Amino acid sequence: SRQLREGLIIATAALSGCEGIQSTLTPRGPAAESIARINWIMFWGATAILLLVMTLALYAVYRHPRKRRPISGNGMIVTGGVILPLVALSALLIYGTHGMSNLRHEPYEGALRTMRIEVVGNQWWWDVYYWIGDQGTNVITANEIHIPAGFPVAISVRSNDVIHSFWVPSLAGKIDLVPGKSNRILLQADRPGVFRGQCAEFCGAQHARMALFVVAESPHTFATWLAKQRLPDSTPVHPILQRGQDAFVANGCLECHTIRGLGKAKLRGPDLTHVGDRLFLAAGSIKNNPANLAKIIAHSQFVKPGSAMPSFTELDSDTLQSIAAYLWSLK
Ligand code: CUA
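Please read these numbers as outputs of a predicted model, since none were measured by experiment.

**Student:** I'd love a proper account of the pairing of strand β1 (residues 115-122), names of residues and values included.
**Tutor:** One ladder, built from eight bridges, connects β1 with strand β2 (residues 125-132); its direction is antiparallel. Looking at the pairing, Asn122 lines up with Trp125 of β2. Joining the antiparallel neighbours β1 and β2 is a turn of two residues. Summarising the sheet, β1 and strand β5 (residues 153-159) pair through five bridges and their orientation is parallel. In the sheet register, Gly121 faces β5, and the bridge partner there is Ser159.

Structure below.
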């Protein structure tokens, strides 16, 4: 029917719009694999028990009364009500506890010691700090985490305001970002790829638009990316880009957004150093391109209502385009 066809078209469009894998059932790293395994064991275990119970129930209903063999009431209660659940649930508990302890301790100790990534939650975006060697932090970015594929990477998380939860389903389990406390988790991607993550704890109006992307790259590509990120952005040479930079400063954008090489923000907003390199804007809300950069500047409160970023509706089109072009040039 027409309705079904339209429904299918909409569903296909919605699914194809997904950028990066975000599913517990498509694990792409060891931690996610063990979580998916527990999930499938529980699913098939529950299915087997359901089939057994349904078969017995149907037997009781449809078997001719005279052909039913009497079953001892006590025997049935002891077997089906005590022994079977005891065995099934104990097995699950032991397996689950064992898997959980694997996730929490052993691999973390073996994680890359040369680099630690700190993810900080804000309403509603993620700061990402790279602590490299013992030189402290020299890379700050936002809403996008690059990691070398094939290595366990230690991630520590904390919050600047309310409780958030860091969740990249294809790579690992969830970890809460609790104000005043530092938690940690391991991220490991087996192969290069882009994986979507999402805040998994309701944290206010734009909780749904608090996504992030993990970009797993070959160690060489990752090293190149990191080396580039450590450099400040250079001063634009093209007049239009220079005009954009001037407008960026004149409109007070530096109050909240740091651009290394241009200025440091007084207030907290996502760091925009090398923002032209990122896949998405506004914590995974819209794709990063010049048109969407202009859109988020002029209509931030339409894209992400309630966020601290005001809509700069008063900017004339030329100024707006020049700021967008300038930000897009920061690569
Ligand atoms: Cu942050 Cu939900």
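**Student:** I'd like a rundown of the UniProt feature "domain: Cytochrome c" (unreviewed entry) in the protein, residues and numbers included.
**Tutor:** Mapped onto this numbering, the UniProt entry gives "domain: Cytochrome c" (unreviewed entry) at residues 239-331. For the annotated span residues 239-331, helix accounts for 41% and strand for 4% of the residues, and the straight-line distance between the end C-alpha atoms is 17 Å.

**Student:** Please provide a residue-by-residue account of the sheet that holds strand β10 (residues 211-217), values included.
**Tutor:** Spatially, β4-β10-β9-β6-β7 is the arrangement adopted by the five strands of the open sheet, whose pairing is mixed. The two strands at the open ends of the sheet, each matched to only one other strand, are β4 (144-148) and β7 (174-177). Adjacent strand axes in the sheet meet at a mean angle of 25°, parallel and antiparallel pairs treated alike. Summarising the sheet, β4 and β10 pair through five bridges and their orientation is parallel. Directly across from Glu144, in β10, lies its bridge partner Phe213. Together, β4 and β10 form the strand contacts of helix α5 (residues 219-230), whose direction differs from that of β4 by roughly 135°.

**Student:** Break down the pairing of β10 for me, citing the residues and quoting the values.
**Tutor:** Taken across its seven residues, β10 has six buried, putting it largely inside the fold. Bridge count between strand β9 (residues 193-199) and β10: six bridges; the pairing is antiparallel. Bridge assignment links Val194 to a residue of β10, and that residue is Val215.

**Student:** Please set out helix α2 (residues 30-62) residue by residue, giving values where relevant.
**Tutor:** Counted at 1.5 Å a residue, the expected span for α2 with its 33 residues is 48 Å, and the 47 Å between its end C-alpha atoms agrees. With respect to burial, α2 is a largely exposed element, only three of its 33 residues being buried. The complete set of buried residues in α2 reads Ala31, Ala32 and Ile35.

**Student:** How would you explain the nonpolar core if you had to name every residue and give the values?
**Tutor:** Ranked by size, the top nonpolar core spans 62 residues in total, and within it Ile155, Leu171, Leu187, Val214, Ala324 and Leu327 carry the most contacts. Looking at which element gives the most residues to this core, the answer is helix α9 (residues 317-329), with seven residues. If near-sequence neighbours (up to four positions away) are discounted, Val214 is found in contact with Ile145, Ile147, Val168, Leu171, Leu187, Phe195 and Gly197.

**Student:** Can you tell me about the domain arrangement of the protein, naming the residues and giving the values?
**Tutor:** Parsing the protein into structural domains produces domain 1 (16-69 + 105-227) and domain 2 (239-329). Counting residues at the interface gives 19 residues for domain 1, matched by 15 residues for domain 2. Residue classes in the side of domain 1 that touches domain 2 are distributed as ten nonpolar, five polar and four charged.

**Student:** Go over the packing of helix α6 (residues 239-250) against α9, please, and point to the residues and values.
**Tutor:** Interhelical geometry of α6 versus α9 gives an angle of 100° and a closest axis separation of 7 Å. On the basis of their axis angle, the class for α6 and α9 is roughly perpendicular. Residues Ile240, Leu241, Arg243, Gly244, Gln245, Ala247 and Phe248 of α6 touch α9, and the partners they reach there are Thr319, Ser322, Ile323, Ala325, Tyr326 and Ser329. Taken together, the residues of the contact of α6 with α9 break down into seven nonpolar, five polar and one charged.

What counts, and where the lines are drawn
Residues numbered from 1 in each chain as written. Predicted model: local features only at pLDDT ≥ 70, side-chain atom pairs only at ≥ 80, totals over all residues. Pairing = 2+ DSSP bridges. Helix = DSSP H or I, 4+ residues; strand = E, 2+ residues; numbered from the N terminus. UniProt positions renumbered as here; feature names shortened; annotations may be inferred. Axes fitted to C-alpha atoms, helices over the stretch in contact; angles between N-to-C directions. Contact = placed C-beta atoms within 7 Å. Buried ≥ 20, exposed ≤ 12 C-beta atoms within 10 Å, placed from the backbone. Expected span 1.5 Å × (residues − 1). Core = buried A, V, L, I, M, F, W, Y, C linked by C-beta atoms within 7 Å. Domains from an automatic or database assignment. Nonpolar A, V, L, I, M, F, W, Y, C, P; charged D, E, K, R; others polar. Parallel < 35°, antiparallel > 145°, perpendicular 65-115°, else oblique.

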